[in-house]
Amino acid sequence: MRMRNKPWAIDYLNQHSEIVVTEVDDLQQDVWQQFIRSNDIKHIEVGSGMGRFITTLAKQNPYIQYISVELDKNVMVRVLDKVLEQNLDNIRLICLPIEEIHDYLAINPLDQLYLNFSDPWPKNRHEKRRLTHHNYLSIYEKFLKDDALIQFKTDNRKLFEYSLISMSQYGYQFVDINLHVHDREPDDNIRTEYEEKFSSKGSRIYMLKAKLNE
Ligand SMILES: C[S@@+](CC[C@H](N)C(=O)[O-])C[C@H]1O[C@@H](n2cnc3c(N)ncnc32)[C@H](O)[C@@H]1O
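The shown structure was predicted, so the numbers you read here are calculated from the model rather than taken from an experiment.

### Side note on the packing of aromatic side chains
So, step 1. One pass over the structure, following the stated rule, counts 10 aromatic pairs.
So, step 2. Where Trp-8 meets Tyr-12, the ring centres are 6.0 Å apart and the plane angle is 65°; that geometry is what we call edge-to-face.
So, step 3. Looking at Trp-8, the relative accessible area reads 45%, which means it is partly exposed.
So, step 4. With centroids separated by 6.4 Å and ring planes inclined at 5°, the aromatic side chains of Phe-152 and Phe-160 adopt a geometry described as stacked.
So, step 5. The class of Phe-160 is buried, set by a relative accessible area of 2%.
So, step 6. Cluster of aromatic residues (ring-pair linked, three or more members): Phe-117, Tyr-194 and Phe-198.

Spelled out as structure tokens, the structure:
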């Protein structure tokens with residue numbers, strides 16, 4: 001997601017340090033350690049973009065704690081806007097790449113992971129950047145509970161097929177595979193910003209749900 005540089009973004013995020021982390025070391029602060037170590041049900045989205053998906057979930061499920069991970073500060077400000085506008089108190093934002101923070105999350109594993117419209121990185125030489133590459137799957141395994149669910153949506157058929165193979169080879173079992181989400185769209189489907197954009201252009205939306213262990 002390319003968003004114009006907002007020179008004020010980092011200050012805005014840092015003014016809300018009770019909700020947002022912008023430096024890895026901040027995760028050592030007491031308030032974050034308490035959050036990480038609490039035994040609430042916790043769901044995480046990696047690559048939240050502008051945050052419609054995760055903020056809608058947070059509003060619908062006040063008893064679940066949500067973690068939004070988005071590396072781009074220019075995009076994360078849009079997630080923070082939504083959290084503040086809706087007064088959501090069950091969501092935390094981490095404005096860093098997942099690669100840099102997973103050890104902290106692994107302290108107390110999480111219940112569910114969402115990947116929505118992850119960058120497809122179509123060139124073979126960029127395969128390792130895809131968020132369903134086995135290197136990322138092994139990162140997720142460290143911070144997810146044994147029976148945690150991964151839900152992945154994309155408009156990109158090649159990335160979807162790649163992800164089915166990558167996850168299957170890693171040992172994931174598929175709980176659900178939907179090859180046309182918007183044909184008889186499930187009531188509980190929350191459309192992300194990218195999903196809305198691609199769907200309005202006529203793209204088909206694919207979705208999978210998978211678990212490592214039942
Ligand atoms: C194509 S956008 C999709 C945004 C949103 N999920 C949606 O569906 O509208 C992918 C987002 O993932 C973020 N991203 C990519 N790699 C990431 C990583 N390793 N850690 C955190 N965020 C990442 C990008 O900055 C970008 O905003």
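From this point, the narrative continues.
### A look at the site of the ligand
So, step 1. In the region of the ligand, 19 residues are neighbours, and Gly-47, Glu-70, Glu-99, Asn-116 and Thr-192 sit closest.
So, step 2. Contact distances for the ligand include 2.8 Å between a nitrogen atom and a backbone N or O atom of Gly-47.
So, step 3. One nitrogen or oxygen atom from the main chain of Leu-71 is found 3.4 Å from a nitrogen atom belonging to the ligand.
So, step 4. Starting from 600 Å² of accessible surface for the ligand in isolation, the protein chains cover 94%.

### A few points about the domain arrangement of the chain
So, step 1. When the domains of the chain are assigned, the result is domain 1 (1-108) and domain 2 (126-214).
So, step 2. Using only C-alpha atoms to locate each centre, domain 1 and domain 2 end up separated by 21 Å.
So, step 3. With 16 residues of domain 1 in contact, the opposing surface of domain 2 contributes 13 residues.
So, step 4. Interface area for domain 1 against domain 2, summed over the two sides, is near 1400 Å², with a carbon-plus-sulfur share of 69%.
So, step 5. Taken together, domain 1 and domain 2 are joined by 5 residue pairs in polar contact (both at pLDDT 80 or more).
So, step 6. For the side of domain 1 that touches domain 2, the element with the most residues is helix α3 (residues 52-60), which contributes 5 residues.
So, step 7. Counted by class, the side of domain 1 that touches domain 2 contains 9 nonpolar, 4 polar and 3 charged residues.

### Thoughts on unusual backbone geometry
With the exception of glycine, most residues fall at negative phi, and the peptide bonds are largely trans.
So, step 1. Here the phi dihedral of Trp-121 falls at roughly 40°; this positive angle occurs in a residue that is not glycine.
So, step 2. In this structure, Trp-121 sits in the loop between β5 (110-116) and α6 (134-143).
So, step 3. Residues other than glycine seldom take positive phi values, yet Arg-184 does so here, at roughly 55°.
So, step 4. Tracing the backbone through its elements, the reader meets Arg-184 in the loop between β7 (173-178) and α8 (193-200).

### Describing a negative patch on the surface
So, step 1. A contiguous patch of negative charge on the surface is contributed by Glu-141, Asp-146, Asp-147 and Glu-214.
So, step 2. Mapping Asp-146 onto the fold places it in strand β6 (residues 144-154).

### Quick word on the UniProt feature "binding site: S-adenosyl-L-methionine" (unreviewed entry) in the chain
So, step 1. Sequence positions flagged by UniProt for "binding site: S-adenosyl-L-methionine" (unreviewed entry) are, in local numbering, Glu-45, Glu-70 and Asp-119. Of the residues just listed, which span 75 residues, no C-alpha pair is farther apart than 14.0 Å, and they cluster in one region.
So, step 2. Topologically, Glu-45 is positioned in strand β2 (residues 41-46).
So, step 3. Inspection of the secondary structure assignment puts Glu-70 in the loop between β3 (64-69) and α4 (73-85).
So, step 4. Excluding residues that lie within four positions of it along the chain, Glu-70 makes contacts with Gly-47, Ser-48, Gly-49, Val-75, Met-76, Ile-94, Cys-95 and Leu-96.
So, step 5. In terms of polar contacts, Glu-70 uses its side chain to reach the backbone amide nitrogen of Ser-48, at 3.5 Å.

About the criteria used
Residues numbered from 1 in each chain as written. Predicted model: local features only at pLDDT ≥ 70, side-chain atom pairs only at ≥ 80, totals over all residues. Heavy atoms only, no water. Phe/Tyr/Trp six-rings, centres within 6.5 Å; stacked < 30°, edge-to-face > 60°. Buried < 20%, exposed > 50% of the residue type's maximum accessible area, 1.4 Å probe, protein only. Near = heavy atom within 4 Å. Polar contact = N/O pair within 3.5 Å; in protein donor to acceptor, adjacent residues only side chain to side chain. Areas by Shrake-Rupley, 256 points an atom, 1.4 Å probe, with all protein chains shown as cover. Domains from an automatic or database assignment. Contact = heavy atoms within 4.5 Å. Buried area = accessible area lost by both parts, 1.4 Å probe. Helix = DSSP H or I, 4+ residues; strand = E, 2+ residues; numbered from the N terminus. Nonpolar A, V, L, I, M, F, W, Y, C, P; charged D, E, K, R; others polar. Patch = residues over 30% accessible without salt bridge, like charges linked within 9 Å, V, L, I, M, F, W, Y side chains within 5 Å. Salt bridge = Lys/Arg side-chain N within 4 Å of Asp/Glu carboxyl O. Lys, Arg positive; Asp, Glu negative; His and termini not counted. Charge placed at Lys NZ, Arg CZ, Asp CG, Glu CD. UniProt positions renumbered as here; feature names shortened; annotations may be inferred.

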